[in-house]
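# Topology and contacts: notes
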Amino acid sequence: MTASDSLPLTATRRFPPGFLWGAATAAYQIEGAATEDGRTPSIWDTFSHTPGKVFEGHTGDVAVDHYHRFHDDVRLMADLGLTAYRFSVSWSRVQPTGRGPAVQKGLDFYRRLVDDLLGHGIEPVLTLYHWDLPQELEDAGGWPHRATAERFAEYAGIVAGALGDRVGRWTTLNEPWCTAFLGYGSGVHAPGRTDPVAALRAAHHLNLGHGLAVQALRAALPPRAEMSVSLNLHELRPLTSAPGDLDAVRRIDAVGNRIWLGPMLKGAYPEDLLRDTAHLTDWEFVRPGDLTDINQLLDNLGINYYTPTLVAATREGDEAPRNDGHGASAYSPWPGSEDVAFHQPPGERTAMGWAIDPTGLYDLLLRVAGEHPGLPLLITENGAAFEDEVGADGTVHDPRRLAYVHGHLEAVHRAIADGADVRGYFLWSLLDNFEWAYGYAKRFGAVHVDYETQRRTPKATAHWYARVARSGELPALDGA
């Protein structure tokens, strides 16, 4: 019996003192003001304005207008009892061409945002890169090009110089797997390229950019500043115990998880990843000294989790679309594992079609804690999209989201009780927003946004989460 098994289902779970209760957003998804104060296009501006790339031609030009409404949004966070807010900086707002001096108006926006957060007792948790590469850098080669990693480190130093006296928690990259493999492999994300070798090159240069950015941050920031990266690690499960299905788990684990965990935390790429992809590349783009640069000391690791992934070896006659949950494309985002079959896990699903299974988060946390002892963990994204509507009484009832968040917080509490050093949870997302290739069709927010009026309405989950954040206690669901 584990420590967590001893708690009855009706018990209230108390989280450790100092546990961070937050919510998360990303710049392109919420800011709007796409052409104001010197900001130039990012790859997501270009991608969303390309016909056929985003649902019904939606763009982030206005999004939820956070650029002009951030004071109100920060007050809303305070009302909801948040102790931390994870946001990203728009690279092209700060450094429009991806090189050269910063635009002070862009930095001033983030200075004002951070000051407002601190004034309300909310800790800022800053992410340098959440997928919005300046278009000029993509035109010069993008992440498959080594120079982009070097430019990223310079950008990190600029932001650190502007905000290092205010921000104590720094994250280099958000979900580099999506950047590399959805952006350059399957093409369902910006910049929409479909080249498996470019995707692998991008993965390496994202790793390198992370390491060079950590070095630049440590050179510019006070010693107390904490360094992190947020990875969407895949909780993988085999369809059966057959050897082929177990090998499918190994393959996807290599290109989905260990391609980041190996270089960043151990200073080496997995040998099986190199073998699996040898027919595509000899990895000549990994230069002497790169792995040392990548393997930088981290103060914590951010984990983003939504749903488990069920895989198998392909069977004769398999012709179904790839059900990996990452968008429809004729091109695979899994270089070296193109023949792995993805299956829909059983059970209830969100509006994204993702299976709801909190045990996947528990298993993932215990795995990472066991493989990397002594490394504190943060849940930097977790949440669900459902079809929410404002009722006649002006409220938004979202019982399925509330149940989803409750179940996953319960899994986090179990993991802590069983030895995982988890120090915070960030709900995705604070606000309904531009959901990448799905445009405004999917609502992840704890706060409902009327996109016509920009009216914010906290959903039932937001009010419930506020009580949890203030008390540090997770009540039994029946008592929620």
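These figures come from a predicted structure and were not determined experimentally.

### Quick word on the UniProt feature "active site" (unreviewed entry) in the chain
In the numbering used here, UniProt assigns the "active site" (unreviewed entry) feature to Glu175 and Glu381. Spatially, the listed residues are clustered: although they cover 207 residues, their C-alpha atoms lie within 10.2 Å of one another. Residue placement: Glu175 occurs in the loop between strand 5 (169-174) and helix 8 (176-182). In contact with Glu175, other than residues within four places in its own chain, are Trp131, Ser230, Asn232, Asn304, Tyr306 and Glu381. Topologically, Glu381 is positioned in strand 11 (residues 377-382). Within polar-contact distance, the side chain of Glu381 engages the side chain of Arg86 at 3.5 Å.

### Digging into the side chain of His130
Within the secondary structure, His130 is located in the loop between strand 4 (123-129) and helix 6 (135-139). Leave out the neighbours within four places in its chain, and His130 touches Thr25, Ala26, Gln29, Ser88, Asn174, Glu381, Trp428 and Trp436.

### Let's talk about unusual backbone geometry
For the bond running from Ala190 to Pro191, omega is 5°, close enough to zero to count as cis. Within the secondary structure, Pro191 is located in the loop between helix 8 and helix 9 (196-220). In this chain, Trp428 is followed by Ser429 through a cis amide linkage whose omega measures 5°. By secondary structure assignment, the location of Ser429 is in the loop between strand 12 (422-428) and strand 13 (447-450). Although it is not a glycine, Trp436 adopts a positive phi angle of roughly 50°. By the element assignment, Trp436 lies in the loop between strand 12 and strand 13. Among the residues examined, Trp436 registers a relative accessible area of 4% and is labelled buried.

### Considerations on the pattern of salt bridges
Note on pairing: side chains with opposite charge can pair once their charged atoms come close. This model, assessed by the stated rule, comprises 38 salt bridges. For Arg201, the salt bridge is made with Glu284, and the minimal N-O distance between the two is 2.9 Å. Separated by 83 residues along the polypeptide, Arg201 in helix 9 and Glu284 in the loop between helix 11 (271-276) and helix 12 (290-294) bring together distant segments of the chain. Close ionic contact of Asp253 with Arg258 constitutes a salt bridge, the shortest N to O distance being 2.7 Å. You can call Asp253 buried: its relative accessible area is 10%. A cluster of three or more residues bridged by salt bridges with shared partners is formed by Asp247, Arg250, Arg251, Asp253, Arg258, Asp272, Asp276, Arg367 and Glu371.

### Quick word on the sheet that holds strand 9 (residues 309-313)
Taken together, the three strands give an open sheet; going across it, the order is 7-9-10, and neighbouring strands pair in mixed fashion. Both outer strands of the open sheet, strand 7 (236-238) and strand 10 (340-343), are each paired with one neighbouring strand and no more. Between one strand and the next, the sheet's axes are offset by a mean angle of 40°, whatever the strand orientation. Of the pairings in the sheet, the one linking strand 7 to strand 9 comprises three bridges and is parallel in character. Bridge pairing links Leu236 to Thr309 in strand 9. Strands in contact with helix 10 (residues 243-266) are strand 7, strand 9 and strand 10; relative to strand 9, the strand with the most contacts, it is inclined by about 125°.

### Some thoughts on the UniProt feature "binding site: substrate" (unreviewed entry) in the chain
Mapped onto the present numbering, the UniProt feature "binding site: substrate" (unreviewed entry) falls at Gln29, His130, Asn174, Tyr306, Trp428, Glu435 and Trp436. Assignment of secondary structure puts Tyr306 in the loop between strand 8 (301-304) and strand 9. Beyond its immediate chain neighbours, meaning those up to four positions away, Tyr306 contacts Glu175, Trp354, Ala355, Glu381, Asn382, Gly383, Tyr404, His408, Trp428 and Phe444. At 2.5 Å, the side chain of Tyr306 and the side chain of Glu381 are in polar contact. The contact partners of Trp436, leaving out residues within four places of it in the chain, are Ala26, Tyr28, Gln29, Trp44, Val54, His130, Trp131 and His189.

Analysis parameters
Residues numbered from 1 in each chain as written. Predicted model: local features only at pLDDT ≥ 70, side-chain atom pairs only at ≥ 80, totals over all residues. Heavy atoms only, no water. UniProt positions renumbered as here; feature names shortened; annotations may be inferred. Helix = DSSP H or I, 4+ residues; strand = E, 2+ residues; numbered from the N terminus. Contact = heavy atoms within 4.5 Å. Polar contact = N/O pair within 3.5 Å; in protein donor to acceptor, adjacent residues only side chain to side chain. Buried < 20%, exposed > 50% of the residue type's maximum accessible area, 1.4 Å probe, protein only. Salt bridge = Lys/Arg side-chain N within 4 Å of Asp/Glu carboxyl O. Pairing = 2+ DSSP bridges. Axes fitted to C-alpha atoms, helices over the stretch in contact; angles between N-to-C directions.

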